[in-house]
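Observations on the model geometry
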Amino acid sequence: MTNRIDLEGRFAVITGGASGIGLETARRFAASGAHVALWDLNEKDGRQLCAENPDFSFYKVDVNDEHSVDSAAAATAEAFGRIDILVNSAGIGNFRHTVAGYPVDAWRRIIDINLTGTFMCCRSIVPFMQVNNYGRIINISSIAGKEGPQFAAAYSAAKAGVIALTKSLAKELLETEIRVNTITPAAVETALFAQMSEESQNASRSRIPLGRLGQPQEVAAMIAWLASEECSFSTGAVFDLSGGKATY
């Protein structure tokens, strides 16, 4: 049985909410009293999840498309009346390659979805939070964004960018009650991880001192606290979930 973080009456947007860490976080939020808008491209699973949970609503959103994000933000704010929480969970995994000869299209896609998508959603939703002078934003980065492992330059650069974006945005909002933080998980056992090559999976797993992958529920537990009103003094911070990998 999990602890119940108090999110009673809060309204949250979770990108990539139809699967993986995003979905687990949505379930944790709903169990804690929040209403959740799932933003995802996977309409079939998103609609099914809404049918199963009355606290969910679904919006088909491409986080890398300005019009798609702006339209969804306006529609969500109108439906909810306010937006209190944003979790930027949408992303794609690493394309394993050396920098020399890295396919430019692959580089741009990883940067666009993992970094620019996070920027787009923050850009659209912050104004709605400012109306009520309250908000909690949690951006999902990666331990790769701190360590820069080999053969993961695009993914590492994108996730490092998420960390920097988080710090900049947090400082811009210091005069408000909006808090912005990021988490840096090591490898987590999700469908996205399963799509990686066996070589990449083995390499990621071998670098975790605890000897296992993280679980989506463990990530959701930290996000839930960061999304709560109790998280009032932490902003611009980076929280590790690395199984002992990050000791600095």
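Everything below is about the structure shown above.
All of the points below concern the structure found in this document. (Residues numbered from 1 in each chain as written. Predicted model: local features only at pLDDT ≥ 70, side-chain atom pairs only at ≥ 80, totals over all residues. Heavy atoms only, no water.)

**Focus: the pattern of salt bridges**
Close approach of charged atoms lets side chains of opposite charge pair. For the coordinates displayed, the defined rule picks out 11 salt bridges. Among the salt bridges present, the one from D84 reaches R82, with a minimum N-O distance of 2.7 Å. Since its relative accessible area comes to 1%, D84 is described here as buried. Notably, a salt bridge pairs D240 with K146, separated by 3.2 Å at the nearest N-O pair. (Salt bridge = Lys/Arg side-chain N within 4 Å of Asp/Glu carboxyl O. Buried < 20%, exposed > 50% of the residue type's maximum accessible area, 1.4 Å probe, protein only.)

**Describing the packing of helix 4 (residues 104-132) against helix 6 (residues 153-172)**
Look at helix 4 against helix 6: their axes get within 7 Å of each other, and the N-to-C directions meet at 15°. The orientation of helix 4 relative to helix 6 falls into the category roughly parallel. The interaxial crossing formed by helix 4 with helix 6 has right-handed handedness. Between helix 4 and helix 6, the contacting residues are W107, I110, I111, N114, L115, T118, F119, C122 and V126 on the first element and A153, A154, Y155, A157, A158, K159, G161, V162, L165 and L169 on the second. (Axes fitted to C-alpha atoms, helices over the stretch in contact; angles between N-to-C directions. Helix = DSSP H or I, 4+ residues; strand = E, 2+ residues; numbered from the N terminus. Parallel < 35°, antiparallel > 145°, perpendicular 65-115°, else oblique. Left-handed = near helix turned anticlockwise from the far one by under 90°. Contact = heavy atoms within 4.5 Å.)

**Notes on the sheet that holds strand 5 (residues 135-140)**
Across the sheet, which stays open at both edges, the 7 strands sit in the order 3-2-1-4-5-6-7 with parallel pairing between neighbours. The open sheet has two free edges, formed respectively by strand 3 (56-60) and strand 7 (238-241), since each of these has just one partner strand. Strand-to-strand twist of the sheet, defined as the mean angle between neighbouring strand axes without regard to direction, takes the value 20°. Pairing of strand 2 (residues 35-40) with strand 3, which is carried by 5 bridges, proceeds in the parallel orientation. Across the sheet, residue V36 finds its bridge partner in strand 3, namely F56. Its contacts with the sheet put helix 1 (residues 20-31) on strand 1 (11-15), strand 2, strand 3, strand 4 (85-88) and strand 5, and the angle it makes with strand 1 is roughly 165°. Packing of helix 3 (residues 66-80) onto the sheet brings it into contact with strand 1, strand 2 and strand 3, and relative to strand 2 it is tilted by some 165°. (Pairing = 2+ DSSP bridges.)

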